[in-house]
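# Chains, contacts and geometry: an overview
Next come the chains, spelled out residue by residue.
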Amino acid sequence: MKIQAETQGAVKIVNLAGELNVDDSIQLREAFLKLLKEGATKVMVDFEKVSFVGSAGLATLIEMMQLLKKAGGKLVCCQINNDIRGLFEITKIHKLIPIYENRAMALREF
Amino acid sequence: MLISESLPSDLGRVEAFISAAMAKLSPELPDPSFGFQIKLALHEALVNAVRHGNQMNPQLAVRVDIALEPGKLAITVTDQGRGFDARQVPVPTCVEHLEKLSGRGIFLIRKIMDQAEFLDQGRTIKMVKYFRGQS
């Protein structure tokens, strides 16, 4: 998986590309922790180029949502394909982490 | 189509197997939309077998058998661990478990496959997906 972070105002945008499997989840967790250490509190994850997410990936997103919440911040996701959106809905994670159709809508959350 | 393999308890090898298996299965599926669900079920069952079943012990193997037949696909995954009682696994969508960082794999399998049963004291999971109206 490719993980690339960018900044838009006060928001850190994490662009993912590839599959979010077990090893990729560890890599993503490390990237998130680095952002937190740098003081990020508003984080948006762009799933446009993600084709697969397993339960380990969901767990990483939940953990980051919890850590950001503790820091007074927020995690949102956008551009999730229908298969992965279905996964969020089955597990009800969409109730914990807001999902938006596009980046502009997600940015308005902050 | 039959795909059978005995895998070591190594998540890298598991991911490589899933990619290779899906490359063979995907063109044969009656609808591409089944691909994600089948891949997810295979992924969750194999990762559970390696992590929770075999406890990542490199001396233990995971057996996987995939049978694609007209109208259905069956997957059987067997580990060499101590087994477990699948009935005791909490439902991860309950409010008290919603934010837990584990325990979604079996739930997802049950949701996306048409059948999922545990045998041999939880060491084996048999899953079936029916391609209704598409065979």
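Everything below is about the structure shown above.
For the structure given in this document, a descriptive report is provided here. Computed from a predicted structure; not experimentally measured.

Quick notes on the rules
Residues numbered from 1 in each chain as written. Chains lettered and ligands numbered in written order. Predicted model: local features only at pLDDT ≥ 70, side-chain atom pairs only at ≥ 80, totals over all residues. Heavy atoms only, no water. Helix = DSSP H or I, 4+ residues; strand = E, 2+ residues; numbered from the N terminus. Buried < 20%, exposed > 50% of the residue type's maximum accessible area, 1.4 Å probe, protein only. Pairing = 2+ DSSP bridges. Salt bridge = Lys/Arg side-chain N within 4 Å of Asp/Glu carboxyl O.

### Concerning unusual backbone geometry
Residue and element names in this part refer to chain B. Phi is positive for Gln-55, which is not a glycine, with a value near 55°. Tracing the backbone shows Gln-55 in the loop between helix H2 (33–53) and strand S2 (61–69). Taking the relative accessible area as the measure of exposure, Gln-55 reaches 59% and is therefore exposed. Positive phi, normally seen in glycine, also occurs at Asp-120, with a value near 50°.

### A few points about the sheet that holds strand S5 (residues 99–100) of chain A
Residue and element names in this part refer to chain A. Strand order in this open sheet of five strands is S1-S2-S3-S4-S5, and the pairing throughout is mixed. Every interior strand has two partners, whereas the edge strands, strand S1 (2–8) and S5, have only one. Of the strand pairs in this sheet, S1 and strand S2 (residues 11–20) are connected by seven bridges, and their pairing is antiparallel. Paired with Lys-2 across the strands is Ala-17, a residue of S2.

### Concerning the pattern of salt bridges
Residue and element names in this part refer to chain A. Applying the stated criterion to the full structure yields nine salt bridges over all chains. One salt bridge in this structure joins Glu-109 and Lys-74, with 2.1 Å as the shortest N-O distance. With Glu-109 in the segment after helix H4 (103–108) and Lys-74 in strand S4 (residues 74–78), this pair connects stretches of sequence that are 35 residues apart. Three or more residues are tied together by salt bridges with common partners; here these are Glu-6, Asp-46 and Arg-103.

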